[in-house]
Amino acid sequence: MRLIILLFLCTGPLFAAARDPLKSIQRHRLKNGLSVVLAPDSSGDLVHVKLRVGVGVDHETRATLGVSHLLEHMLFRNEVLKDDMSFSELIKERDGSANGETAEQETSYFATVPRRETRWILDLFQTMLLSPTIRDKYLETERKTVLLEIGEPSPLIRLLGVDPLRIVSPAHLQPTPFWEEHFGIVDPAPHSLSEVQLSTLRLSRAQIEHHYRRYYDPSNMQLTVGGAFDAEAVLAHLERTWGLHPSTGIGDQRHRKTGTLRGKPFRDFSISEEQSAITLGFMVDRLNRRDREVLESYSRYLAHRLMKKIRNLSGETYTAFESNGLYGNFGYFTINLSTSRERFRENLLFVRGLLYRELRDGTLSDADIREATRLYLSGFDLWGRDAEARAQLGDLMAELNDHDQDWVTPGEILRGVSPEEYRQTLAKFAREENEYLAVAAPELFFYGDYYLFGALLALIFLGLYQRVLKRPFHNDRIRWVRKVRFPPLLLLEIVVGLVILELTLHAAFVSLRGLDSVLGPSLGIYARYLEIVVETFLLVTAAQAVLSYVPRKLYVMGDVLVIKGLSFYSRRIPLEEIRAVRAVPLGSILLSVRRWPALWGRFHFYDLRFWKKGLLIELASGRAHYFSTQDPDAAARELARLCPAGSDPYSMIPSALRSS
């Protein structure tokens, strides 16, 4: 009896491992290059069909933004359908469901139907995707549908024809994308939603037809069938139908990306207003299939143990899960968990210490490795219990073996890995220079202290500017005052504000990027508080510059002309430096090119009617100021009388009064 029990315990894992749900999945390639993945399962009564085309958002140009998504919608319509139906409605009437999806690198069409409709859905998809009828009426109908889905551009953006936010915040001001900074992969520049909306409005039928002809070729497609069907019969049917469709042989058009680590750890620290969270692991490259399966199985096992340790025993997390981004032979494997604010630091140190002990120091036991492998492989068995899941497993197998000639399942790989090889694989990727750490940490002192800190800084900087810029003002010495005509929100104020805002964004980008690269890794969450110091200072400085630049009143106080802005700042010009004061029409200023250098930075006339006069104040230095004022003739006459006479006594008298 003991011998039987011992034999069962020893062979049990082998029996469990032999039940490999991925082993029955097949991959074929038809004569025209169409890739076919078959994932049969006789236990159900449904069939799931998915066609993946190797084209997506990343293949679009600025002139064709949104074309992949719009084409996806249009292909659900065809002239063979009656009463303006769509293929999705037709499939629903056959007790099925269908939809489509557009992603960065691919566009997918999928449907689930009863087993009896297997051949019907395959033929329907062939008509829908290989024999479409792209018509103007379908374009206009689906254009409206897409805009209902993604939203329409605002009236202002539609009028301008551009997204103004992209002008004031161009792409070069955005942080370097993760994949570019750490793996050297340069992706196409991202586009704003408004840009996609505008482009969708402009797309023509010719552009859509060109997009279809360029990419919708059998050699750039993968057809996956999962669920209850006869694999041999389906393959034979596909060879007689799909396989006869002509092909240009362009092959898979998805962009192949190969990343090489730059040897720089990833650090991302943010302030959490709600739930604190930790993402911790390592970036990796030069992976082979065995490396990938080991990392996937270990990260899932670690997440499982953290759930037991941190959630079940102490209630310190809502969930813990693996968060892997492995693409081909590079990427990252991480653990993600939420945590209480009170024990954030404790849990961070615990998870980091556990990772380094088990990976770098090799403390993972043989029993742990067997359990990690068992849990990982059993997940595939649970995953593939319905038609759609079986199709997803087929896609997974195709992805895992995309770069290999062999067709090997994760179970076949892991069963050939010894515990020592498992530990060695983990150890070679546990390097500090490749650590991945992203945390949403609680505030340092109390809830909302980040924003209070910013508000206090704004008050402090404003106080400092007041102390530096404010000059003594003697009301009893005012001899003359004139208000500068400056209605709010005029064009000049907007332009000046935008220019200074743009300069501020550039300054903030350079400053904060420098802080992150130099101090970020060492300061951690403290760097976020240092950043708000820089941001607040730059914003207050920009606001102060705009308010200082724009004049609101002119005073003569004693023997000084004061040009007062909205802020504390004011420019002072001794009256003895004023050479001439005139009431001059705007037109004469614009036509007098020689005056432009003298007025640069000192032109404050806000009436676009060129025949209207303004107050021109010319200085002995050759510079001049030009202001909008009420009754400029009277203003010039009054100010001229207050100024000491120069060498030309008429220079202080408005030209209109010289004859008298």
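These numbers were taken from a predicted model, which means no experiment stands behind them.

About the criteria used
- Throughout this document, residue positions are counted from 1 along each chain, in the order its sequence is written.
- Given that this is a predicted model, residues contribute local features only at a pLDDT of at least 70 and side-chain atom pairs are listed and counted only at 80 or more, while totals for whole chains, interfaces and linings are drawn from all residues.
- Side-chain figures throughout are based on the complete set of non-hydrogen atoms in the structure, without hydrogens or water.
- Only protein chains enter the calculation, and the probe is 1.4 Å; a residue is then buried if its accessible area is under 20% of its type maximum, exposed if over 50%, and partly exposed in between.
- A run of DSSP states H or I qualifies as a helix once it reaches four residues; a run of E qualifies as a strand once it reaches two. Both are numbered from the N-terminal end.
- Note on pairing: DSSP must find at least two bridges between two strands before they are called paired.
- Aromatic pairing here means that ring centres of Phe, Tyr or Trp (its six-membered ring) are within 6.5 Å. Orientation follows from the plane angle: under 30 degrees is stacked, over 60 is edge-to-face, and everything else is tilted.
- Our definition puts a charge over a ring when NZ of Lys or CZ of Arg is within 6 Å of the ring centre and also within 35 degrees of the ring normal.
- Fitting a line to C-alpha atoms yields each axis, with helices limited to the stretch in contact; the angle taken between N-to-C directions then spans 0 to 180 degrees.
- Between 65 and 115 degrees an angle is taken as roughly perpendicular, under 35 as roughly parallel, over 145 as roughly antiparallel, and anywhere else as oblique.
- We call two residues contacting when some pair of their heavy atoms lies within 4.5 Å.
- Gly counts as polar in this scheme, as do all residues outside two lists: the nonpolar Ala, Val, Leu, Ile, Met, Phe, Trp, Tyr, Cys and Pro, and the charged Asp, Glu, Lys and Arg.
- The criterion is simple. A nonpolar core is a set of buried Ala, Val, Leu, Ile, Met, Phe, Trp, Tyr and Cys residues joined through side-chain atoms within 4.5 Å.
- Expected span of a helix, by definition, is 1.5 Å for each gap between consecutive residues, and there is one gap fewer than residues.
- Any N or O atom pair separated by 3.5 Å or less is treated as a polar contact, with the protein-specific requirement of one donor-capable and one acceptor-capable atom, and with residues adjacent in sequence counted only for side-chain atom pairs.
- pLDDT expresses how confident the predictor is about each individual residue, on a scale running from 0 to 100.
- Whenever a carboxyl oxygen of Asp or Glu lies within 4 Å of a side-chain nitrogen of Lys or Arg, that contact is scored as a salt bridge.

Visitor: How would you explain the pairing of strand E17 (residues 578–585) if you had to name every residue and give the values?
Guide: With respect to burial, E17 is a largely interior element, six of its eight residues being buried. In this sheet, strand E19 (residues 613–619) lies alongside E17 in antiparallel orientation, the contact comprising seven bridges. When the sheet's bridge partners are listed, alanine 583 is paired in E19 with leucine 615.

Visitor: Any chance you could break down the packing of aromatic side chains for me, citing the residues and the numbers?
Guide: Tallied over the full model, the rule gives 25 aromatic pairs. Each ring, one from phenylalanine 610 and one from tryptophan 611, has its centre 5.2 Å from the other, and the planes form 85°; the classification is edge-to-face. On the basis of relative accessibility, which here comes to 52%, the residue phenylalanine 610 falls in the exposed class. For tryptophan 611, a relative accessible area of 53% translates into the label exposed. Joined through ring pairs, the aromatic side chains of Phe178, Trp179, Phe183, Phe266, Tyr327, Phe330, Tyr332 and Tyr436 make up one cluster. A cation over a ring is seen here: arginine 94 above tryptophan 120, with NZ or CZ 4.3 Å from the ring centre. The ring of tyrosine 215 carries the charged tip of arginine 214 above its face, separated from the ring centre by 4.7 Å.

Visitor: Any chance you could break down the packing of helix H14 (residues 366–383) against helix H17 (residues 419–427) for me, citing the residues and the numbers?
Guide: Between H14 and H17, the least distance of the axes is 10 Å, while the angle of their chain directions is 85°. As summarised for this structure, H14 and H17 are arranged roughly perpendicular, according to the angle between their axes. Here Asp366, Ile369, Ala372 and Thr373 of H14 lie close against H17, whose contacting residues are Pro419, Tyr422 and Arg423. In terms of residue class, the contact of H14 with H17 is built from four nonpolar, one polar and two charged.

Visitor: Can you tell me about the pairing of strand E20 (residues 624–627), naming the residues and giving the values?
Guide: Residues Ala624 and Tyr626 of E20 are buried on one face, and the alternating residues His625 and Phe627, pointing to the opposite face, are buried as well. Note: strand E18 (residues 603–604) against E20, two bridges, orientation parallel. Residue pairing for E20: phenylalanine 603 is matched across the bridge by tyrosine 626. Here four bridges tie E19 to E20, and the two strands are oriented antiparallel to one another.

Visitor: Any details on the nonpolar core? Residues and values, ideally.
Guide: Inside soluble globular proteins, nonpolar side chains tend to come together where they are buried. Formed by 60 residues in total, the largest nonpolar core has its most connected members in Tyr298, Leu306, Leu359, Tyr422 and Leu426. Per element, the largest residue contribution to this core is eight residues, and it comes from helix H12 (residues 289–312). For tyrosine 422, the contacting residues outside a window of four places in its chain are Val294, Ser297, Tyr298, Leu364, Ile369, Ala372, Thr373 and Val417. Residues Val49, Phe87, Met128 and Val234 belong to the second largest nonpolar core, which totals 46 residues.

Visitor: How would you sum up the sheet that holds strand E16 (residues 570–574)? Please name residues and give values.
Guide: The sheet built from four strands is open, its strands ordered E13-E14-E15-E16 with antiparallel pairing. The two strands at the open ends of the sheet, each matched to only one other strand, are strand E13 (478–483) and E16. Averaged over neighbouring strand pairs, the angle between their axes works out to 20° when direction is ignored. Two elements, strand E15 (residues 560–565) and E16, share five bridges in a ladder whose sense is antiparallel.

Visitor: Quick one: what's the story with the side chain of threonine 536, residue by residue and with numbers?
Guide: Note on placement: threonine 536 falls in helix H21 (residues 526–549). Owing to a relative accessible area of 9%, threonine 536 belongs among the buried residues under this scheme. Here threonine 536 is in contact with Gly454, Leu457, Ala458 and Phe461, once residues within four sequence places are set aside.

Visitor: Describe helix H13 (residues 344–359), and please don't skip the residues or the numbers.
Guide: In this model, H13 (16 residues) spans 23 Å end to end at C-alpha, consistent with the 22 Å of a helix rising 1.5 Å per residue. Considered for burial, the residues of H13 that qualify are Phe344, Asn347, Leu348, Val351, Leu354, Leu355, Tyr356, Glu358 and Leu359.

Visitor: An account of the sheet that holds E19 is requested, with residue identities and associated values reported.
Guide: The strand order E17-E19-E20-E18 describes an open sheet built from four strands, whose pairing is mixed. Of all strands in the sheet, those bounded by a partner on one side alone are E17 and E18.

Visitor: Which residues make up helix H15 (residues 387–400), and what values go with them?
Guide: Since the α-helix packs 3.6 residues into each turn, any two residues three or four apart lie on the same face. Helix length check: H15, at 14 residues, gives a terminal C-alpha distance of 20 Å against a target of 20 Å (1.5 Å per residue), a fit within 8%. Most of H15 sits out of view: eleven of its 14 residues are buried. Near the N-terminus of H15, the side chain that reaches the backbone nitrogen of glutamate 388, with its oxygen 3.1 Å away, is that of aspartate 386.

Visitor: Go over the confidence of the model for the chain with me, naming the residues and quoting the values.
Guide: For the chain, mean pLDDT is 85; residues scoring 70 or higher make up 87% of the total. Low pLDDT, under 50, characterises residues 1–17; the predicted model gives this stretch one contact beyond four residues in sequence or across chains. Throughout residues 646–660 the model reports pLDDT below 50, and contacts reaching past four residues in sequence, or to other chains, amount to 23 contacts.

Visitor: Residue-level account of the environment of phenylalanine 330, with values.
Guide: Looking at where phenylalanine 330 falls in the secondary structure, it is placed in strand E11 (residues 330–339). Of the residues examined, phenylalanine 330 reaches a relative accessible area of 2% and is grouped as buried. It is 9.1 Å that separates the C-alpha atoms of phenylalanine 330 and lysine 257, two residues lying 73 residues apart in sequence. Among residues more than four places away in sequence, those in contact with phenylalanine 330 are Trp179, Phe183, Ile185, Lys257, Thr258, Gly259, Val284, Asp285, Leu287 and Gly325.

Visitor: Residue-level account of the side chain of serine 276, with values.
Guide: Among the structural elements, serine 276 can be located in strand E8 (residues 276–284). Non-local contacts of serine 276, meaning those with residues more than four positions away in its chain, are made with Leu337, Ser338, Thr339, Arg341, Phe344, Ala440, Ala441 and Pro442.

Visitor: Go over the environment of isoleucine 525 with me, naming the residues and quoting the values.
Guide: Looking at where isoleucine 525 falls in the secondary structure, it is placed in the loop between helix H20 (520–523) and H21. Considering only alpha carbons, one finds isoleucine 525 and phenylalanine 269, 256 residues apart in sequence, at a separation of 5.6 Å. Once residues lying within four places of it in the same chain are set aside, the contact partners of isoleucine 525 are Phe269, Ser270, Ile271, Ala441 and Leu444.

Visitor: Could you give me a rundown of the environment of serine 154, with the residues and numbers involved?
Guide: The residue serine 154 is located in the loop between helix H5 (136–150) and helix H6 (155–160) in this model. Its relative accessible area of 30% is what places serine 154 among the partly exposed residues. Here the alpha-carbon distance between serine 154 and glutamine 197, two residues 43 residues apart in the chain, equals 9.6 Å.

Visitor: Lay out the pattern of salt bridges in plain terms, naming residues and giving numbers.
Guide: Applying the stated criterion across every chain, the model contains 40 salt bridges. The salt bridge partner of arginine 290 is glutamate 421, with a shortest N-O separation of 3.8 Å. Placement of the pair is arginine 290 in helix H12 and glutamate 421 in helix H17, with a sequence separation of 131 residues. In this structure arginine 290 comes out as partly exposed when scored by relative accessible area, which is 33%. Across the salt bridge formed by lysine 428 and aspartate 291, the nearest N and O atoms sit 3.3 Å from each other. In this pair, lysine 428 sits in the loop between H17 and strand E12 (435–441) while aspartate 291 sits in helix H12, placing the two residues 137 residues apart along the sequence. Taking relative accessible area as the criterion, aspartate 291 reaches 0% and is therefore assigned buried.

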